[in-house]
Amino acid sequence: MKFPIFKTKIKGLNRTFNLIDLQEQKEYFELKAKRGIKKLREYLKENTFVAYLLGKKNSGKGTYSKIFAEIISPERIEHFSIGDMVRAADLELVDKKKKKDLLNFLERNYRGRFSMAEIISALKKRNTKTLLPTELILVLIKREMEKKEKKALFIDGFPRDLDQIDFSLFFRDLIGHRDDPDVFILIDVPENVIDQRIKWRRFCPICQASRNLKLHLTSKIGYDEKKKEFYLICDNPNCQEARLVKKEGDELGVEPIRERLEMDGKLIEQSFSLYGIPKIFLRNSLPVKEVPKFVNDYEITPEYNFEWDKEQKKVIIKKKPWIILDDEGIESFSLLPQPIVVSMIKQIVEVLNL
Ligand SMILES: [Zn+2]
């Protein structure tokens, strides 16, 4: 399974962009994907599509589809996370009135191999190891869809196992998108990238914003002289400079989710060889030696290090290219989300024949 490298470098375009800056990000997309953006906006005025995001856990599914929506048309595109949907249903079970509504809906609509008592108990006890019955997921999706206005959808978290792939081939019929084109979006991210994303991620205890102490900073960095530790400071003005914290167990990286990553990998592989459904390929990394030919330097994820200037009481931030080994052991760079979204825009335009 080899994903093609997508070229985002444009000959003669010498300007560089700071892709963390929202205004510059906008200008970047206008320059690199102008025609695609225009075509998609036009298309979405009257039409929708259904896209299934297939990538390993922490491969950036949410990030890519959110940037895509922001750039193209936030009102006409929705990122639909099955995990969030299940968590919300779980919360409804705690509220008496909401629980009654949910149970009523399930009684009218649920059909499957498990009794109502069993599926409710599965919903309550759900954990990352056991999957909920597909029949339950499908009926919850149906319920969610009935509440929503019709939009283009990025579905995140379905299919989640090999059996669910078959369901996904008929999924658009179920959710009332029968005549809309559908597409599988396959995402390839080296395990080392996922590992470092987990190991260094930090969360704001107030607004839950998530960043990375090595790869994705906030605008202010602090230093704790007692603990001899650098930390990120939340950019959200409502959080009053809260210190971002680490989650218990994150220092283990991919180890606790290795089984899950393997299953996700099999899912991608299986989807890779499906017939009859268009596929697009998002590739996160590329070999160091290919960089000059395909992408610009500012499209590559940098790595940050810090030093504490005792005299000035200031944190000095150092930035350098981040080199990782991909799954085949080749020295590679990891792309920032923006060039990946450029390739996503261009490939979706092609799939939709615009
Ligand atoms: Zn915050």
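Right, let's walk through the structure included here. Sequence order sets the numbering: in each chain, residues are counted from 1 along the sequence as written. Per-residue local features of the predicted model are confined to residues with pLDDT of at least 70, and side-chain atom pairs are confined, for both listing and counting, to 80 or more; whole-chain, interface and lining totals are unaffected and use all residues. Here the side-chain values reflect all heavy atoms present in the structure, with hydrogen atoms and water set aside.

**Notes on the coordination of the zinc ion**
Moving on, step 1. For the zinc ion, the protein coordination sphere consists of Cys204 (SG), Cys207 (SG), Cys234 (SG) and Cys239 (SG), at 2.3 Å.
Moving on, step 2. Excluding water, the donors of a metal are its N, O and S neighbours within 2.8 Å, or within 3.2 Å for Na, K and Ca, and that exclusion means sites may look incomplete. Under the classification used here, a metal with four donors is tetrahedral if each angle lies between 85 and 135 degrees, square planar if opposite donors are over 155 degrees apart and the others between 65 and 115, a six-donor metal meeting that same test is octahedral, and anything else is irregular. Every donor counted, the 4 donor atoms about the zinc ion form angles of 106 to 113° at the centre, which fits tetrahedral coordination.
Moving on, step 3. Of note, the donors binding the zinc ion are all from one chain and are spaced C-x2-C-x26-C-x4-C. With cysteine 204 in the loop between β5 (201-203) and β6 (210-212) and cysteine 234 in the loop between β8 (229-233) and α11 (258-272), this residue pair connects regions lying 30 residues apart in the sequence. Counting from the N terminus, the helices are the DSSP runs of H or I reaching at least four residues and the strands are the DSSP runs of E reaching at least two.

**Here's the deal with the pattern of salt bridges**
Moving on, step 1. Every case where a carboxyl oxygen of Asp or Glu lies within 4 Å of a side-chain nitrogen of Lys or Arg is listed as a salt bridge. By the definition in use, this model includes 28 salt bridges.
Moving on, step 2. Arginine 113 is the partner of glutamate 135 in a salt bridge, and the nearest nitrogen-oxygen pair spans 2.9 Å. In this pair, glutamate 135 is assigned in helix α7 (residues 134-147) and arginine 113 in the loop between α5 (96-109) and α6 (116-125), connecting sequence segments 22 residues apart.
Moving on, step 3. A relative accessible area of 16% places glutamate 135 in the buried class.
Moving on, step 4. Its relative accessible area of 66% is what places arginine 113 among the exposed residues. Partly exposed describes any residue whose relative accessible area lies between the buried limit of under 20% and the exposed limit of over 50%, with all areas from a 1.4 Å probe on protein chains only and scaled to the type maximum.

**A short note on α7**
Note: α-helices contain 3.6 residues per turn, so residues at a spacing of three or four share the same orientation.
Moving on, step 1. The end-to-end C-alpha distance of α7, which contains 14 residues, comes to 20 Å, matching closely the 20 Å that a straight helix rising 1.5 Å per residue would cover.
Moving on, step 2. Among the 14 residues in α7, 11 count as buried, and that is most of the element.
Moving on, step 3. Three or more residues of α7 are buried, namely Thr134, Glu135, Leu136, Ile137, Leu138, Val139, Leu140, Ile141, Arg143, Glu144 and Met145. Here, expected helix span is obtained from the residue count minus one, scaled by 1.5 Å.

**Observations concerning the sheet that holds strand β9 (residues 279-283)**
What holds strands together in a sheet is hydrogen bonding between their backbones, with the strands either parallel or antiparallel.
Moving on, step 1. Criterion used throughout: strands pair if DSSP finds at least two bridges between them. Spatial ordering of the open sheet is given by β2-β3-β1-β4-β9, a layout of 5 strands whose pairing is parallel. Two strands bound the open sheet, and with one partner strand each, they are β2 (77-81) and β9. Shown here is a sheet whose adjacent strand axes are inclined to one another by a mean of 20°, direction ignored.
Moving on, step 2. In this structure, strand β1 (residues 50-54) lies alongside strand β4 (residues 182-188), joined through 5 bridges in parallel fashion. By the bridge assignment, alanine 51 is partnered in β4 with valine 183.
Moving on, step 3. Throughout, a contact is declared for two residues whenever any of their heavy atoms are within 4.5 Å. With axes taken as lines fitted to C-alpha atoms, and helix axes fitted only over the stretch in contact, angles between N-to-C directions fall between 0 and 180 degrees. Docked against the sheet, helix α3 (residues 61-72) engages β1, β2, β3 (152-156), β4 and β9, running at close to 165° with respect to β2.

**Thoughts on the pairing of β1**
Moving on, step 1. In terms of burial, β1 is largely enclosed, as 5 of its 5 residues are buried.
Moving on, step 2. Neither face of β1 is left uncovered, since the one carrying Val50, Tyr52 and Leu54 and the one carrying Ala51 and Leu53 both have all their residues buried.

**Details of the nonpolar core**
Moving on, step 1. For our purposes a nonpolar core is just a set of buried Ala, Val, Leu, Ile, Met, Phe, Trp, Tyr and Cys residues, chained together by side-chain atoms within 4.5 Å. Grouped together as the largest cluster of nonpolar side chains are 53 residues, with contacts concentrated most on Phe49, Phe68, Phe154, Ile185, Ile345 and Ile348.
Moving on, step 2. Take this core: its biggest share by element is 7 residues, from helix α13 (residues 337-351).
Moving on, step 3. Those residues in contact with isoleucine 345 that sit more than four places away from it in its chain are Phe29, Ala33, Gly36, Ile37, Leu40, Phe68, Ile71 and Ile72.
Moving on, step 4. Grouped together as the second largest cluster of nonpolar side chains are 38 residues, Phe80, Val86, Ile137 and Val139 included.

**Considerations on the packing of aromatic side chains**
Moving on, step 1. Any Phe, Tyr or Trp ring, taking Trp's six-membered ring, that has another such ring centre within 6.5 Å forms a pair; planes under 30 degrees apart are called stacked, those over 60 apart edge-to-face, and the others tilted. Scanning the model with the defined rule gives 15 aromatic pairs in all.
Moving on, step 2. Centroid distance phenylalanine 3 to phenylalanine 281: 5.2 Å. Interplanar angle 75°. Geometry classified as edge-to-face. A residue pair is termed long-range when its members are at least 10 positions apart, and phenylalanine 3 in the segment before α1 (22-32) and phenylalanine 281 in strand β9 qualify at 278 residues.
Moving on, step 3. An aromatic cluster of at least three residues, connected via ring pairs, comprises Phe17, Tyr28, Phe29 and Tyr298.
Moving on, step 4. Charge-over-ring placement is defined geometrically: NZ (Lys) or CZ (Arg) within 6 Å of the ring centre, and within 35 degrees of the ring normal. Looking at arginine 243, its charged tip hangs above the ring of tyrosine 231, at a distance of 3.7 Å from the centre.

**Regarding the sheet that holds strand β14 (residues 331-334)**
Moving on, step 1. Taken in spatial order, the 3 strands of this open sheet run β10-β14-β13, and their pairing is antiparallel. Here the strands that pair on one side only, and so sit at the sheet edges, are β10 (285-287) and β13 (323-325). The sheet shows a mean angle of 50° between the axes of neighbouring strands, direction not considered.
Moving on, step 2. Pairing of β10 with β14 involves 3 bridges; the strand directions are antiparallel. Bridge pairing in β14 links serine 285 to serine 334.

**Remarks on the layout of surface pockets**
Moving on, step 1. For the second largest pocket, the calculated volume is near 410 Å³.
Moving on, step 2. Only protein atoms enter the 1 Å grid used here. Points where a 1.4 Å probe fits but cannot escape make up a cavity, open sets with protein on both sides within 12 Å along at least five of seven lines make up a pocket, and a residue lines them when an atom lies within 4 Å of a point. What lines the second largest pocket is a set of 19 residues, among which Met1, Phe3, Asp188, Asp327 and Glu328 lie closest to the centre.
Moving on, step 3. Broken down by secondary-structure element, the contributors of at least two residues to the lining of the second largest pocket are β4, α11 and β10.
Moving on, step 4. A per-element tally of the lining of the second largest pocket places α11 first, with 3 residues.
Moving on, step 5. Classifying every residue of the lining of the second largest pocket gives 9 nonpolar, 2 polar and 8 charged. Grid points are joined across faces, edges and corners, and a volume is the space filled by probe spheres set on the points. When residues are sorted by character, Ala, Val, Leu, Ile, Met, Phe, Trp, Tyr, Cys and Pro go into the nonpolar class, Asp, Glu, Lys and Arg into the charged class, and all the rest, Gly among them, into the polar class.

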